[in-house]
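Overview (structure and organization)
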Amino acid sequence: MPTTLSCPLAFALAVVALPCTAFAGDVSFKPTGVIYYDSVDARPDVKPFEDVDKVRSARLGFVLKAGDAWQFNVEHEFTDRSTPDVVLQFTPAKGHALRLGQFKQPFLLEDATSARHTPMMEASLLGAFALGRRIGLGYGYSNADYAITTAVYGKRLDGKNEGLGMAARATHVSRFGEDLLHLGVGASLDSPDSEAARFSTKPESALATSSLVDTGTLADVERISRAGVEALWIAGPVSLQGEAAMVNAQRGAGPDLRGTGGYALASWSPSGHRRNYKAGTVSSPTLGDAMAWELVVRYSTLDLDSDAARGGVESDWNFGATWYLSPYARVMANYVVADSRRRGVNDDPRLLQLRMQLQF
């Protein structure tokens, strides 16, 4: 069970972190939590898609800080009884940080964005290539202009994705008054112990009951490499964001498994609020005394056809609106128009999604 696997690491990190409070200065404790209640109204085409109405995610955790140098984060996910984040962070000097535990590995801007602050309910199709959370050791450096994150990683706390890998992401921001242009690159290389690889994704809905593109599991995989580029422009209440990435699973025998993908996103706040930016990541607008609105449109594409597998090709249009009631609550609506083709079959479902999100 994921819970029994995660407890030893959480306990071990707590044993390391808590003694630091004896000499690291002021100690603070902050509880954290977030819950999403989602609904999906599906209009299937070929594959069956069911209407779903449930708690998408429910997390509870805490942040323990000891002075300016030590920080310990833990979050528990109640819907699947997992522990997505267990991280001990040490900051030896301003701008430098060392991380140990399970955390998101550096590669994509979209994946680096906290789920609490994503402009859409779910990741784009490019999320099929994201590394996600792994147990690892990471180092990061950031200043006013640059941010660099690197990590070596292994499996997940639940035992999945066994193998060793390394990843890095570097970004630069140019500022023009209050406006900014962010550019970045990311790359990773890993060797799965299973000697297998598979890439698939749902049509931008975690609660969707079917996937439209899927390579299936391919054996004899020696290593998997990823590379990506990213850009972000923020000018007042308007922002433009995009990424493109490729993946290559090198096999000992037979053709390599290849895939490419990308997305372009535009957002506008009719209430005049702007998205926040810090150290190579982006987050939701700061509300102040007024509630905020944000309108978003995103086009994403994913190509999983190669000589190794006919995984299919998909492109989605996603139209979204978010109402920020307060810093602790927001309501989201997304409408996904999917267009896919796999092994000669076209499948073009439509999905209307709603979310009520509460957090602290």
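Residues numbered from 1 in each chain as written. Predicted model: local features only at pLDDT ≥ 70, side-chain atom pairs only at ≥ 80, totals over all residues. Heavy atoms only, no water.

**Focus: the overall build of the protein**
As a reminder, the rule being used: Numbering of helices and strands runs from the N terminus, with a helix taken as a DSSP run of H or I at least four residues long and a strand as a DSSP run of E at least two residues long. Here the radius of gyration uses the C-alpha set of atoms, whereas the globule reference equals 2.2 Å times the residue count to the power 0.38. Only protein chains enter the calculation, and the probe is 1.4 Å; a residue is then buried if its accessible area is under 20% of its type maximum, exposed if over 50%, and partly exposed in between. Whether two residues are in contact is decided by their heavy atoms, any of which lying within 4.5 Å being enough. Here, Shrake-Rupley sampling with a 1.4 Å probe gives the accessible areas, and only protein chains in the shown set may cover a residue.
Along the backbone of the protein there are two helices and 23 strands. Taking 2.2 N^0.38 as the reference for a compact globule, 360 residues should give roughly 21 Å; the C-alpha atoms of the protein span a radius of gyration of 20 Å, in line with that estimate. Within the span of the protein, comprising 360 residues, buried residues form 45% of the whole. For the protein, long-range pairs separated by at least 24 residues make up 61% of all intrachain contacts whose partners lie at least 6 apart in sequence. For the protein, the exposed area adds up to about 16800 Å²; of that, 60% sits on carbon and sulfur atoms.

**Looking at the confidence of the model for the protein**
Rule in force here: Per residue, pLDDT captures the predictor's confidence, and it can take any value from 0 to 100.
Per-residue pLDDT for the protein averages 93, and the proportion of residues at 70 or more is 93%. Contacts of residues 1-8 to residues separated by more than four positions or lying in other chains number 11 contacts, the stretch itself having pLDDT below 50.

**Re the nonpolar core**
Short version of the rule: Residues enter a nonpolar core if they are buried and are Ala, Val, Leu, Ile, Met, Phe, Trp, Tyr or Cys, with the set joined through side-chain atoms within 4.5 Å.
Counting 26 residues, the largest nonpolar core has Phe129, Ala197, Phe199, Ile224, Leu257 and Leu302 as the members making the most contacts within it. Of all the secondary structure elements, the ones that give two or more residues to this core are strand E14 (221-235), strand E15 (238-251), strand E16 (257-268) and strand E19 (292-305). If we skip the residues at most four places from it in the chain, isoleucine 224 touches Ser188, Leu189, Asp190, Pro192, Ala197, Phe199, Val247, Asn248 and Ala249.

**Here's the deal with the pattern of salt bridges**
Let me state the cut-off plainly: Each salt bridge in this description consists of a side-chain nitrogen of Lys or Arg and a carboxyl oxygen of Asp or Glu lying within 4 Å of one another.
Going through the model one piece at a time under the given rule, you end up with 19 salt bridges. When the shortest N-O distance is used, the salt bridge between aspartate 214 and arginine 198 registers 2.4 Å. Note that aspartate 214 is positioned in strand E12 (residues 213-214) and arginine 198 in the loop between strand E10 (196-197) and strand E11 (200-201), a separation of 16 residues in sequence. Residue classification places aspartate 214 among the buried residues on the basis of a relative accessible area of 13%. A single salt-bridge network, built from bridges that share partners, covers Asp38, Arg56, Glu122 and Arg355.

**A word on the pairing of E14**
For clarity, the threshold we go by: Paired strands are those between which DSSP finds at least two bridges.
Where strand E9 (residues 179-192) lies against E14, 11 bridges are found, and the strand directions are antiparallel. Within E14, the residue paired with alanine 187 across the bridge is alanine 227. Connecting E14 to the next strand, E15, in antiparallel fashion are two residues, including glycine 236 with a positive phi near 60 degrees.

**Here we look at the environment of histidine 273**
Going by this rule: Contacts described as polar in this section are N or O atom pairs within 3.5 Å, which, within protein, must combine one atom able to donate a hydrogen with one able to accept it, while residues neighboring in sequence count only if both atoms come from side chains.
Here histidine 273 shows up in the loop between E16 and strand E17 (276-278). Taking the C-alpha atoms as reference, histidine 273 lies 5.2 Å from proline 237; in sequence the two are 36 residues apart. Leave out the neighbours within four places in its chain, and histidine 273 touches Gly236, Pro237, Pro285, Thr286, Leu287, Ala290, Met291 and Ala292. Polar contacts involving the side chain of histidine 273 include one to the main-chain carbonyl oxygen of leucine 287, which spans 3.3 Å.

**Focus: the side chain of serine 210**
For serine 210, the position within the fold is in the loop between E11 and E12. What makes serine 210 buried here is its relative accessible area of 11%. Looking at serine 210, its side chain comes within polar contact range of the main-chain oxygen of proline 48, at 2.7 Å. Ignoring anything within four residues of it in the chain, the contact list for serine 210 reads Lys47, Pro48, Phe49, Lys202 and Pro203.

**Here's the deal with a nonpolar patch on the surface**
What counts here: A patch consists of residues whose relative accessible area exceeds 30% and which take part in no salt bridge; residues with like charges are grouped when within 9 Å of each other, and nonpolar side chains (Val, Leu, Ile, Met, Phe, Trp, Tyr) when within 5 Å.
On the surface, Phe176, Leu181, Leu183, Trp233, Val238, Leu240, Trp268 and Leu295 cluster together into a nonpolar patch covering about 710 Å² of accessible area. Those elements that place two or more of their residues in the nonpolar patch are E9 and E15. Since its relative accessible area comes to 46%, leucine 183 is described here as partly exposed.

**Brief notes about the environment of phenylalanine 62**
Position of phenylalanine 62 among the secondary structure elements: in strand E2 (residues 52-66). According to the relative accessible area criterion, phenylalanine 62 is partly exposed, its value standing at 25%. With near-sequence residues (within four places) excluded, phenylalanine 62 lies in contact with Phe29, Lys30, Pro31, Thr32, Phe72, Asn73 and Val74.

**Some thoughts on the pairing of E15**
Pairing of E14 with E15, which is carried by 14 bridges, proceeds in the antiparallel orientation. Bridged to arginine 226 within E15 is valine 247. In terms of strand pairing, E15 meets E16 through 12 bridges, oriented antiparallel. Looking at the pairing, alanine 244 lines up with glycine 262 of E16. Taking the residues that link successive antiparallel strands as the turn, the E15-E16 hairpin has five residues, and the phi of glycine 254 there is positive, at about 90 degrees.

**Side note on the side chain of glutamine 353**
With respect to the helices and strands, the residue glutamine 353 is situated in strand E23 (residues 350-359). Side-chain polar atoms of glutamine 353 contact the backbone oxygen of glutamate 204, separated by 3.2 Å. When near neighbours in sequence (up to four residues on either side) are disregarded, glutamine 353 contacts Ser39, Val40, Met121, Glu122, Glu204, Ser205, Met332, Ala333, Asn334 and Val336.

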